[in-house]
Amino acid sequence: SLLDQVSLLPPPITQAHITNLIGAVPEEELIMLAKSLTNKDPSSILNTCNRLINNGKEAITILQGIGSVLRDLVLIKVTNKYTDLCNISQENSESLKDLANSINLDQIFRLQAQLKGTENHIRNSNQPLLWLEIHLLGMLSDEDYTENKKTHQSTIKNIPSNNSDESNTNYISE
């Protein structure tokens, strides 16, 4: 059991010991990854992802951790303080507050929107690390994917014609 495993750890037993024992991603690493996203630092993202995977962390767990940190950033931005609603520990709340103070709420919302839908892709992938990295690096783009998608869809017009061969043909307006 987990308690048996903890009892075998050398004293003092720290949060890092427990985090490693249960396979969770260290909060410090998640905050660093979130900071790399906000600073648009691809090298740091790749290095952090590879280090976490090499330490036995699952790509899906990393992704879920980033989602949780982004949620906590919103809470801190909205309340201007650490709250019990945050998933991050009190020990790491100052690092998260510093990150929250360095970005705006719209930037956090944009990152969350770009993260949405990636979990199933990574979960069903044969190469989860590759797709985690691709998704995280894609979040560095200045282009707002959802806005671009709406713009693209609005330029496609369905022009029906009266029983001709061209009915239901899509035309792209320029």
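A look at the overall build of the protein chain
Consideration 1: Each helix and strand in the protein chain was counted, giving 10 helices and 2 strands.
Consideration 2: Along the protein chain, from the amino end to the carboxyl end, the secondary structure elements read α-α-α-α-α-α-α-α-α-α-β-β.
Consideration 3: Split into buried and exposed, the 174 residues of the protein chain put 33% on the buried side.
Consideration 4: In the protein chain, 59% of the contacts between residues at least 6 apart in sequence involve partners at least 24 apart.
Consideration 5: Carbon together with sulfur atoms contributes 50% to the accessible area of the protein chain, which is approximately 11,000 Å² in total.

Quick notes on the packing of helix α3 (residues 27-38) against helix α4 (residues 42-54)
Consideration 1: Contact geometry for α3 and α4: axes closest at 9 Å, N-to-C directions at 155 degrees. Here α3 lies roughly antiparallel to α4, going by the angle between them. Remark: the crossing between α3 and α4 carries left-handed chirality. In contact with E29, M32, L33, S36 and L37 of α3, α4 contributes S44, I45, T48, C49, R51 and L52.
Consideration 2: Per-class residue counts for the contact of α3 with α4 are 6 nonpolar, 3 polar and 2 charged.

Considering helix α5 (residues 59-79)
Consideration 1: Between its terminal C-alpha atoms α5 stretches 30 Å, which fits the 30 Å expected from 21 residues at 1.5 Å a residue.
Consideration 2: N80 sits one or two positions beyond α5 and adopts a positive phi of about 65 degrees.

Let's talk about helix α6 (residues 93-102)
Consideration 1: Among all positions in α6, only S93, L96, L99 and A100 are buried. Projected down its long axis, α6 shows its buried positions confined to an angular sector of 125 degrees, all on one face. Along α6, exposed side chains directed more than 90 degrees from the buried face belong to N101 and S102.
Consideration 2: Structurally, α6 contributes buried residues whose contacts are with α3 and α5.

A word on the nonpolar core
Consideration 1: In terms of nonpolar packing, the biggest core is built from 35 residues, with L37, L73, L132 and L136 touching the most fellow members.
Consideration 2: Counting only elements with at least two residues in this core, the list comes to α3, α4, α5, α6, α7 (105-115) and α9 (128-138).
Consideration 3: It is α5 that provides the largest number of residues to this core, a total of 11 residues.

Side note on the pattern of salt bridges
Side-chain pairs of opposite charge can arise where the charged atoms are in close proximity.
Consideration 1: All told, the structure shown has 4 salt bridges when counted by the stated rule.
Consideration 2: Across the pair R71 and D72 runs a salt bridge whose closest N-O atoms are separated by 3.1 Å.
Consideration 3: Accessibility expressed as a relative area gives 35% for R71, which makes it partly exposed.
Consideration 4: A relative accessible area of 1% places D72 in the buried class.
Consideration 5: Across the salt bridge formed by K97 and E94, the nearest N and O atoms sit 3.3 Å from each other. You can see K97 and its partner E94 sitting in helix α6, 3 residues apart, about one turn around the helix.
Consideration 6: For E94, a relative accessible area of 47% corresponds to the partly exposed category.

Let's talk about unusual backbone geometry
Of all residues except glycine, most have a negative phi; of all peptide bonds, most are trans.
Consideration 1: In this structure, K40 takes a positive phi of about 55 degrees despite not being glycine.
Consideration 2: Inspection of the secondary structure assignment puts K40 in the loop between α3 and α4.
Consideration 3: Even without a glycine there, the phi angle at N80 is positive, about 65 degrees.
Consideration 4: The topology assignment puts N80 in the loop between α5 and α6.
Consideration 5: The exposure class assigned to N80 is exposed, which follows from its relative accessible area of 68%.

What counts and what doesn't
Residues numbered from 1 in each chain as written. Predicted model: local features only at pLDDT ≥ 70, side-chain atom pairs only at ≥ 80, totals over all residues. Heavy atoms only, no water. Helix = DSSP H or I, 4+ residues; strand = E, 2+ residues; numbered from the N terminus. Buried < 20%, exposed > 50% of the residue type's maximum accessible area, 1.4 Å probe, protein only. Contact = heavy atoms within 4.5 Å. Areas by Shrake-Rupley, 256 points an atom, 1.4 Å probe, with all protein chains shown as cover. Axes fitted to C-alpha atoms, helices over the stretch in contact; angles between N-to-C directions. Parallel < 35°, antiparallel > 145°, perpendicular 65-115°, else oblique. Left-handed = near helix turned anticlockwise from the far one by under 90°. Nonpolar A, V, L, I, M, F, W, Y, C, P; charged D, E, K, R; others polar. Expected span 1.5 Å × (residues − 1). Arc of directions from axis to C-beta. Core = buried A, V, L, I, M, F, W, Y, C linked by side-chain atoms within 4.5 Å. Salt bridge = Lys/Arg side-chain N within 4 Å of Asp/Glu carboxyl O.

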